[in-house]
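Understanding the architecture of this molecule
Residues per chain are reported as follows:
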Amino acid sequence: MAKKSYRQAINEALRQEMERDPTVIIMGEDISGGTGAPGEQDAWGGPLGITKGLYTQFGPTRVLDTHLAEISFIGAAVGAAATGLRPVAELMFVDFIGVCLDQVMNQAAKLRYMFGGKATTPLVIRTMYGAGLSAASQHSQALYPIVTHIPGLKVVLPSSPYEAKGLLIQAIRDNDPVIFFEHKAMYDVEGEVPDEPYTIPFGQANVLREGDDVTIVAFGRMVSFAMQAADNLARKNISCTIVDPRTTSPLDTETILETVEETGRLVVVDEANPRCSMATDIVSLVGTNIFGALKAAPQMVTAPHSPVPFSSALEPLYIPSVDKIEAAVMATMAGQGRHAA
Amino acid sequence: MAGGMQLSRSQLLDAYERMVTIRVFEEAMHEEFAAGTIPGFVHLYCGEEASGVGVCMNLVETDTIASTHRGHGHCIAKGVEVEGMVKEIMGRRDGLCGGKGGSMHIADLSKGMLGANGIVGAGGPLACGAALSAKTLGTGAVSVAFYGDGASNQGAILESYNLAKIWNLPIVFVIEDNGYAEATASSWSVAGSQTRRAGAFDIPAQEVDGNDFFEVYDAAAAMVERARGGGGPSLLHTKLMRYYGHFEGDAQTYRGKDEVANARKRDPLGIFRQRVIEAALLDAEALDAVDAKVKDLIAQALIAAKAAPFPVEADLLTDIYAEY
């Protein structure tokens, strides 16, 4: 198997699906770049080069630069999905979902239900999320809990290049609207990725590591942080189970409950703000279903209830860290009931 | 290109039947809402019939329309059958949408009717998407976005003009301007003119008397033909009047005295009858026969809908996802 970056894995998934299915189109702001300009076409290939080369291979009818106006092109992707295409629309930063939330929340998510099951909306919205690049408050948020809240949407958080390719191919073949969250600090992360197309089913968590003492449920980029923490904790003879749910909607509640029943302790690592987050959701899931299995209060490692700061002196304090995960594990091992952070 | 007055006898009867069906249907919904048999919010299309039918008589089944909260008329104009509509509006299990959409989300994708919409202006981008599908897949279909004067101020609509133009989409924008955005006059709330707004995007536009089927039909015919021939978007501004309130139950105290009574003197059905009889295209007898047929059709649909079963508890959690 070849080593590929998260960026290459996503590009490869798009290319292979566009080769397989002529109804798959991609659209977005500068997804090619250079349209109408005197210089090169495919000048950017997406703002961070994720879709580079697809314009050259598939041309302007399959790779559409849009105007810089999200309501209409995200809405057009919804309308196209309901009428025979499989659009993959790029919402450059998920922070911009505020601009076009109606089309996501009231249109894409609800067409099928409102029309009594007679609409099918095979739409993928690829979007960048997450802190770590000093992109500040309007380009760094982890807004997946907001869309997870909305019935009718599926929400995907790939945690590695392998996961990114398999989950994106699944998203494109899926017949429901999918929001696909790409962490902007992970594009250069490398990992083993098969050359051939493959899918990873939604709603099936990946158990990366099995341990006896604590279950750590982590999302997206936080999965690799949890793995580092688990390596460090192993040296202190604390063994961790690591669960990557892969998708927050659907959510593999069974795997989470089973692994917590085995360890009796839970730490959730979520890059989102803490209120109404995946962290609170998982703690609530465990507390309401298997309270008796818990040996100690669950711990949450999240961003604080604050916007994402710009300064490189502040941003690392905002993002959940390996140290904070280790501290949370130690706190639950010590049976502490209060948040360690 | 033949104008509306050159339509065949059967086409004219078809157009008249669609308009009368809308009128009788909506009058029935008005009465049923007052009687308490319809839950929720209902917005009626009475008075606007010539617009929806004048446009949709230029479309075929594979063409698509995106509608508004005032969507019953667009459904009928696009060929959606009325019994399923009444059942849906009454929340019945075998309504068009299984009773899950109701008046504000009534839809029939098999007829190219992409749904009424509870969000003002949201249909513009959806119609652009349907036009993109038609263009990409080479189906030759045309997409129409219906919306009101209120929606014409939404960013979603103004963005859609731009996107339709730069992508050269096969789409017709139809502003049904009944003079009111809910309870606020469009003469106050709309800055500038609708056709000049379109002109700023280099989108050909025309304002017509929305009470006159033939004016609407002729203008829409040119626009649909332009779209189908690869000529891109157009905008049709129809000026008309709604006979009832923004929603059923609206006391309409914002209206001028005798406003609706005066408007009814230029009734779209009356104008149609007058024009086809004067031109000796149809006689009163044939038109009266349509009236009688439609009255019976709606009466039967009401009986069927009232006898139809409601959804059951298990239906609450179906149709959310294709697979989950």
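Just so you know, these numbers come straight off a predicted model, no measurement behind them. (Residues numbered from 1 in each chain as written. Chains lettered and ligands numbered in written order. Predicted model: local features only at pLDDT ≥ 70, side-chain atom pairs only at ≥ 80, totals over all residues.)

Remarks on the overall build of chain A
Filter applied, for reference: The helix and strand labels rest on DSSP assignments: H or I over at least four residues marks a helix, E over at least two residues marks a strand, and numbering proceeds from the N terminus. Here the globule rule reads 2.2 Å times residues to the power 0.38, and the radius of gyration is calculated from C-alpha atoms. With C-beta atoms placed from the backbone, a residue is labelled by how many other C-beta atoms lie within 10 Å of its own: buried for 20 or more, exposed for 12 or fewer, partly exposed between the two. Two residues qualify as being in contact provided that their C-beta atoms, derived from the backbone, are within 7 Å of each other.
What chain A contains, in helices and strands, is 12 helices and 14 strands. For 341 residues, the compact-globule formula gives about 20 Å, and the C-alpha radius of gyration of chain A, at 20 Å, lands near that figure. When burial is assessed residue by residue, chain A has 55% of its 341 residues classed as buried. Sequence separation of at least 24 residues holds for 76% of the intrachain contacts in chain A that already meet a minimum separation of 6.

Describing the sheet that holds strand 14 (residues 299-302) of chain A
All names here are of chain A. So the rule is basically this: The pairing criterion for strands is at least two bridges between them, as found by DSSP. To get an axis, fit a line to the C-alpha atoms, keeping to the stretch in contact for a helix; angles then go from 0 to 180 degrees between the N-to-C directions.
The strand order 9-11-10-13-14 describes an open sheet built from 5 strands, whose pairing is mixed. The two strands at the open ends of the sheet, each matched to only one other strand, are strand 9 (206-209) and strand 14. Averaged over all pairs of adjacent strands, the angle between strand axes in this sheet comes to 20°, irrespective of strand direction. Sheet analysis places strand 10 (residues 214-218) next to strand 11 (residues 240-244), joined by 4 bridges and oriented parallel. Looking at strand 11, one finds that Thr 215 is bridged to Thr 241. Strand contacts of helix 10 (residues 278-289): strand 10, strand 13 (266-270) and strand 14, with the helix running at about 160° to strand 13, the strand carrying the most contacts.

Thoughts on helix 8 (residues 222-234) of chain A
Residue and element names in this part refer to chain A. Condition: One less than the number of residues in a helix, times 1.5 Å, gives the span that helix is expected to have.
For helix 8, built from 13 residues, the straight-helix expectation of 18 Å at 1.5 Å per residue is met to within 8% by its first-to-last C-alpha distance of 18 Å. Every buried residue of helix 8 is accounted for by Met 222, Val 223, Ser 224, Phe 225, Ala 226, Met 227, Ala 229, Ala 230 and Leu 233. Where helix 8 is buried, its residues touch strand 9, strand 10, strand 11, strand 13 and helix 12 (322-333).

Remarks on the domain arrangement of chain A
All names here are of chain A. Defined as follows: Segmentation into domains, and thus their bounds, comes from an automatic or database assignment. In this classification, the charged set is Asp, Glu, Lys and Arg, the nonpolar set is Ala, Val, Leu, Ile, Met, Phe, Trp, Tyr, Cys and Pro, and all remaining amino acids, among them Gly, are polar.
For chain A, the assigned domains are domain 1 (2-193) and domain 2 (206-333). Domain 1 and domain 2 are separated by 27 Å when their C-alpha centres are compared. With 24 residues of domain 1 at the contact, the number on the domain 2 side is 23 residues. Looking at the side of domain 1 that touches domain 2, the elements with two or more residues in it are helix 6 (144-148), strand 6 (154-156), helix 7 (161-173) and strand 7 (178-183). Tallied by class, the residues present in the side of domain 1 that touches domain 2 amount to 13 nonpolar, 9 polar and 2 charged.

With respect to the environment of Lys4(A)
All names here are of chain A. Its place among the elements puts Lys 4 in strand 1 (residues 2-5). Overall, the presence of 22 C-beta atoms within 10 Å leaves Lys 4 in the buried class. Expressed as a C-alpha distance, the spacing of Lys 4 and Gly 191, which sit 187 residues apart in the sequence, is 5.6 Å. Setting aside residues no more than four positions away along its own chain, Lys 4 makes contact with Ala 9, Pro 161, Glu 190 and Val 193.

Some points on unusual backbone geometry
Cis geometry is adopted by the peptide bond preceding Pro250(A), which originates at Ser249(A) and carries an omega value of 0°. Along the chain, Pro250(A) falls in the loop between strand 12 (247-249) and helix 9 (253-263). Of note in the backbone geometry, Asp42(A) takes a positive phi value of approximately 60° without being a glycine. Relative to the helices and strands, Asp42(A) is located in the loop between strand 2 (24-28) and helix 2 (54-58). Although it is not a glycine, Ala280(B) adopts a positive phi angle of roughly 55°.

Section: the interface of chain B and chain A
On the side of chain A, 35 residues touch chain B, which itself brings 37 residues to the contact. Every element with two or more residues in the side of chain B that touches chain A is listed here: helix 5 (123-137) and helix 6 (155-166) of chain B. Per-element tally for the side of chain B that touches chain A: the top contributor is helix 5 of chain B, with 10 residues. Counted by class, the side of chain B that touches chain A contains 21 nonpolar, 12 polar and 4 charged residues.

Quick look at the pairing of strand 6 (residues 205-209) of chain B
One ladder, built from 5 bridges, connects strand 6 of chain B with strand 7 (residues 234-239) of chain B; its direction is parallel. In the sheet register, Ala205(B) faces strand 7 of chain B, and the bridge partner there is Leu235(B).

Some remarks on the sheet that holds strand 12 of chain A
Residue and element names in this part refer to chain A. A sheet is described by the order of its strands in space; here 7 strands give the open sequence 3-2-4-5-7-6-12, paired in mixed fashion. The sheet terminates laterally at strand 3 (63-65) and strand 12, the two strands that pair on one side only. Each neighbouring strand pair of the sheet contributes to a mean axis angle of 20°, computed without reference to strand direction. Of the pairings in the sheet, the one linking strand 4 (residues 86-93) to strand 5 (residues 124-129) comprises 5 bridges and is parallel in character. Residue pairing across strands places Glu 90 opposite Arg 126, the latter belonging to strand 5. Against the sheet, helix 3 (residues 70-81) makes contact with strand 2, strand 4 and strand 5, and its axis sits at roughly 160° relative to strand 4, the strand it touches most. Sitting on the sheet, helix 7 touches strand 2, strand 4, strand 5, strand 6 and strand 7, and the angle it makes with strand 7 is about 160°.

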